[in-house]
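What follows is the residue order along each chain.
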Amino acid sequence: MLANLPDDFTALVTGASGAIGGAVIRALLADSRPTRVIAVSRRPAPHALADARLTWVEAEVECEAGRRAIAEALGDMPLHLWFNAIGILHEGETFPEKRLEELDEAALQHLYRVNAITPALLLKTLHPHLKGDHPAIVASLSARVGSIADNRLGGWYGYRASKAAHNMLMRTAAVELKRLNAQSCVLCLHPGTTDSALSRPFQARVPEGKLFTPDFVAERLLGVIGQRRAEESGSFWDWAGEPIPW
């Protein structure tokens, strides 16, 4: 797993209490090569994930204090992998819009804050640990519906636009990080439709065989990450290892 990273690498997972984030942590801990895995979420660590290499940080990453807590957990260590699984599609009264009449300013702002702004601010916090001359991978969950070129159905205005903004922020950061670390690689990833709270209201429309377990998704995404080279920094991939147009 992740042959493009050195032995004894350090990994950070944000959104660790979600379905995909939790599955990525389990996959990392099932491998002997990571020396340290730092998991970040609003919720406490599940007892089933007890491992001497695991540090669980309870933090609200939308706040500056929460992001500082992550930096403190890293100390002066270089970071080899940051897997970001933070994102929302629906929450409370916020639900994907089907028509222009359904657009709501507060809902749009919330989607942008969680899906685009927070990952960018996390990257701001983490970039001192990513610069240098060590392999450093940033893998942040996006969504195929964030592709402007692939938008043929319309709808889901806020989610689509916030993920497109996420992609641009990551692509722009990839350019800067390349100057700070020639071995850096920033990736936007589409996980497919995962059996999780995020997709549950929409699963009835998922074609047979296209609803994936979190463990399958984690395995596939880690495989995709492991195949990427530094020259591919700033690119967008799906769970099957196929590139997605911007």
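Everything quoted here is computed from the prediction, not taken from an experiment. (Residues numbered from 1 in each chain as written. Predicted model: local features only at pLDDT ≥ 70, side-chain atom pairs only at ≥ 80, totals over all residues. Heavy atoms only, no water.)

## Remarks on the environment of Arg 160
Along the chain, Arg 160 falls in helix H4 (residues 157-180). When the C-alpha atoms of Arg 160 and Leu 111 are compared, they prove to be 9.6 Å apart, with 49 residues separating the residues in sequence. If we skip the residues at most four places from it in the chain, Arg 160 touches Val 145, Gly 146, Asn 151, Leu 153, Gly 154 and Gly 155. A distance of 3.2 Å separates a polar side-chain atom of Arg 160 from the backbone oxygen of Val 145. (Helix = DSSP H or I, 4+ residues; strand = E, 2+ residues; numbered from the N terminus. Contact = heavy atoms within 4.5 Å. Polar contact = N/O pair within 3.5 Å; in protein donor to acceptor, adjacent residues only side chain to side chain.)

## Structural notes on the packing of aromatic side chains
Per the stated rule, a full pass over the model turns up five aromatic pairs. Summarising the aromatic geometry, the rings of Phe 212 and Phe 216 are spaced 5.0 Å apart at their centres and angled 45 degrees between planes, so their arrangement reads as tilted. Exposure remark for Phe 212: the relative accessible area of 9% places this residue in the buried category. Judged by relative accessible area, Phe 216 falls into the partly exposed class, the value being 30%. Here Phe 236 and Trp 246 contribute two aromatic rings whose centre-to-centre distance is 5.3 Å and whose plane-to-plane angle is 25 degrees, an arrangement assigned as stacked. A residue pair is termed long-range when its members are at least 10 positions apart, and Phe 236 in strand S9 (residues 235-238) and Trp 246 in the segment after S9 qualify at 10 residues. Judged by relative accessible area, which is 33%, Trp 246 ranks as partly exposed. Linked through ring pairs, Phe 212, Phe 216 and Trp 239 together constitute an aromatic cluster. Sitting over the ring of Trp 237, Arg 228 keeps its end group 3.7 Å from the ring centre. (Phe/Tyr/Trp six-rings, centres within 6.5 Å; stacked < 30°, edge-to-face > 60°. Buried < 20%, exposed > 50% of the residue type's maximum accessible area, 1.4 Å probe, protein only. Lys NZ or Arg CZ within 6 Å of the ring centre and 35° of its normal.)

## Observations concerning a nonpolar patch on the surface
A contiguous nonpolar surface patch, about 270 Å² in accessible area, is contributed by Leu 100, Leu 103 and Tyr 157. Within the element layout of this structure, Leu 100 appears in the loop between strand S4 (81-84) and helix H3 (105-130). (Patch = residues over 30% accessible without salt bridge, like charges linked within 9 Å, V, L, I, M, F, W, Y side chains within 5 Å. Areas by Shrake-Rupley, 256 points an atom, 1.4 Å probe, with all protein chains shown as cover. Salt bridge = Lys/Arg side-chain N within 4 Å of Asp/Glu carboxyl O.)

## Here we look at the sheet that holds strand S1 (residues 10-14)
The strands that make up a sheet are held in pairs by hydrogen bonds between backbone atoms, and each pair lies either parallel or antiparallel. Reading across the sheet, the seven strands line up as S3-S2-S1-S4-S5-S6-S9 and stay open at both edges, with parallel pairing between neighbours. Whereas interior strands pair on both sides, the edge strands pair on one side only; in this sheet they are strand S3 (54-58) and S9. Between one strand and the next, the sheet's axes are offset by a mean angle of 20 degrees, whatever the strand orientation. As defined by bridge partners, strand S6 (residues 184-190) adjoins S9 across four bridges and the pair is classed as parallel. Its bridge partner lying in S9, Leu 187 is registered against Ser 235. Packed on one face of the sheet, helix H5 (residues 214-227) meets S4, strand S5 (136-141), S6 and S9 and runs near 145 degrees to S6. (Pairing = 2+ DSSP bridges. Axes fitted to C-alpha atoms, helices over the stretch in contact; angles between N-to-C directions.)

It is worth stressing that arrangement in space is one thing and function is another; only the former is reported here.
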